[in-house]
Amino acid sequence: MLRRKPAVAGYFYPSNLKELLYEMEEYMPSQAKVNARGAICPHAGYVYSGHVAGSVYSRISPRETFILLGPNHTGYGAEISLMTEGQWDIPLGSLKINEELAKKIIEKSSATEDTEAHLYEHSLEVQLPFIYKLNPQAQIVPITLKMLSLKDCLSLAQGIAKAVEELTLKDKVIVIASTDMSHYLPDDLARKVDALVIEKIKAFDPEGVYNTVLEHGISMCGVIPTTVMLQATKLLGAKEVQIIKYATSAEVSRDYDKVVGYLGAIVI
């Protein structure tokens, strides 16, 4: 079995088992759960964005399979890179890929079966400790995305929705979009431009999210995953987006000159 080893344990999150378990407890307090169809979570180092990601994962009911959509920071691999078999290891344990669903998405979309894009990419890996804490038996479908046209985003979303529906997994699957918001702006400006995107996210407007980021040149690294997730969950019957938390790195670093924004949201 193909085993994807951790690439950023010890950097973005603790590699020590006890330390990681302690942080999971801190970031994921006991909360009332909702049956979410999708979510938006950040992927920075836990010291900066773990509290935002945890605020999302602590509110969603456990699902059997997590479709993970993340941006491709490394440049390796295919435009739409999907691992269809094997498992991903983290210090807490391992999460297997849902092979049947992964291969069905390949069949229904233009996604490419590829491992290269995933080997060193952090945007999906940092979600896994939260997912494991939520459901240690969960399976994943990891999809890493480069820059796509709006048409390609909507097409991929349709393929994901069709695959989920054909396998009658609609109530067993959640789609996670991994993204940070604006990068390296002064705190007040970051909050202002991020608010433009958050307004479109809250309105459940995938096309609006995509177009707003492009028109205003907003450095939101996961605009493609977010657009795809919103469209896919809408096709799967979701009705609204709830904004859970927004923060910037300045709240930890105290550097207000160059910040990164972080958003947590749930789609129900």
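Residues numbered from 1 in each chain as written. Predicted model: local features only at pLDDT ≥ 70, side-chain atom pairs only at ≥ 80, totals over all residues. Heavy atoms only, no water.

Student: Could you give an account of the overall build of the chain, with specific residues and numbers?
Tutor: Counting its secondary structure elements, the chain contains nine helices and twelve strands. Its C-alpha atoms give the chain a radius of gyration of 17 Å, within 12% of the compact-globule value 18 Å for 268 residues. Expressed along its principal axes, the backbone C-alpha trace of the chain runs to roughly 45 × 45 × 40 Å. Going through the 268 residues of the chain one by one, you find that 56% of them count as buried. Look at the contacts in the chain between residues 6 or more apart in sequence, and 81% of them connect residues 24 or more apart. Between the mean site of the 27 positive side-chain charges and the mean site of the 32 negative ones, the chain shows a separation of 5 Å. (Helix = DSSP H or I, 4+ residues; strand = E, 2+ residues; numbered from the N terminus. Rg over C-alpha atoms; globule rule 2.2 N^0.38 Å. Buried < 20%, exposed > 50% of the residue type's maximum accessible area, 1.4 Å probe, protein only. Contact = heavy atoms within 4.5 Å. Lys, Arg positive; Asp, Glu negative; His and termini not counted. Charge placed at Lys NZ, Arg CZ, Asp CG, Glu CD.)

Student: For the packing of aromatic side chains, give the residues involved together with the corresponding values.
Tutor: Summed over the entire model, instances satisfying the criterion amount to five aromatic pairs. One aromatic cluster in this structure is built from Y13, Y27, Y46, Y57 and F130. (Phe/Tyr/Trp six-rings, centres within 6.5 Å; stacked < 30°, edge-to-face > 60°.)

Student: So what's going on with the nonpolar core? Which residues, and what values?
Tutor: Among the nonpolar cores identified, the biggest contains 83 residues, and Y57, F66, I67, L101 and I160 are the most heavily contacted of them. A total of eight residues in this core trace back to one element, the largest contributor, which is helix α5 (residues 150-166). When sequence neighbours within four positions are dropped, the list of residues in contact with I67 reads L101, I105, V141, I143, I160, V164, V173, I174, V175 and I176. In terms of nonpolar packing, the next biggest core, distinct from the first, is built from five residues, A44, A247, V260 and Y262 among them. (Core = buried A, V, L, I, M, F, W, Y, C linked by side-chain atoms within 4.5 Å.)

Student: Tell me about the sheet that holds strand β6 (residues 93-96), and name the residues and values.
Tutor: An order of β1-β5-β6 is seen for the three strands of this open sheet, with the pairing classed as mixed. Unpaired on one side and paired on the other, β1 (3-4) and β6 mark the two borders of the sheet. Across two bridges, the pairing between β1 and strand β5 (residues 87-90) is parallel. Residue pairing for β5: R4 is matched across the bridge by W88. (Pairing = 2+ DSSP bridges.)

Student: Let's hear about the side chain of D187: which residues, and what values?
Tutor: Mapped onto the elements, D187 comes out in helix α6 (residues 187-202). If sequence neighbours within four positions are ignored, D187 has contacts with T248, A250, Y256 and V259.

Student: Kindly report on the side chain of R63, identifying the contributing residues and their values.
Tutor: With respect to the element layout, R63 can be found in the loop between α2 (46-57) and β3 (65-71). Notably, R63 is buried but unbridged: the nearest opposite-charge side chain belongs to D171, and the N-O separation is 4.9 Å. (Salt bridge = Lys/Arg side-chain N within 4 Å of Asp/Glu carboxyl O.)

Student: Describe in detail a nonpolar patch on the surface, supporting the description with residues and values.
Tutor: A contiguous nonpolar surface patch, about 240 Å² in accessible area, is contributed by V47, Y48 and V252. With respect to the secondary-structure elements, Y48 resides in helix α2. (Patch = residues over 30% accessible without salt bridge, like charges linked within 9 Å, V, L, I, M, F, W, Y side chains within 5 Å. Areas by Shrake-Rupley, 256 points an atom, 1.4 Å probe, with all protein chains shown as cover.)

Student: Outline the confidence of the model for the chain, supporting the account with residue identities and numerical values.
Tutor: Within the chain, residue pLDDT values average 98, and 100% of them lie at 70 or more. Looking over the chain, one finds the lowest element-wise mean pLDDT in helix α9 (residues 250-253), namely 96, and the highest in β3, namely 99. (pLDDT = per-residue confidence, 0-100.)

Student: Please set out the environment of A195 residue by residue, giving values where relevant.
Tutor: Structurally, the position occupied by A195 is in helix α6. Separated by 14 residues in the primary sequence, A195 and M181 have C-alpha atoms spaced 9.9 Å apart.

Student: So what's going on with unusual backbone geometry? Which residues, and what values?
Tutor: If you check the backbone angles, Y184 has positive phi at about 60 degrees while not being a glycine. Residue position: Y184 is located in strand β10 (residues 183-185). With relative accessibility at 57%, the residue Y184 sits in the exposed group. One non-glycine residue, R254, lies in the positive phi region at around 65 degrees. Inspection of the secondary structure puts R254 in the loop between α9 and β12 (259-267). Residue R254 is classed as exposed on the basis of its relative accessible area of 57%.

Student: Account for helix α3 (residues 99-108), naming residues and giving values.
Tutor: For α3, every residue scored as buried is listed here: L101, A102, K104 and I105. Buried residues in α3, looked at end-on, bunch into an arc of 165 degrees, giving them a common side. Among the exposed residues of α3, those oriented more than 90 degrees off its buried face are E100 and E107. In the core, the buried residues of α3 are packed alongside β3, β4 (80-82), β8 (139-145), α5 and β9 (173-178). (Arc of directions from axis to C-beta.)

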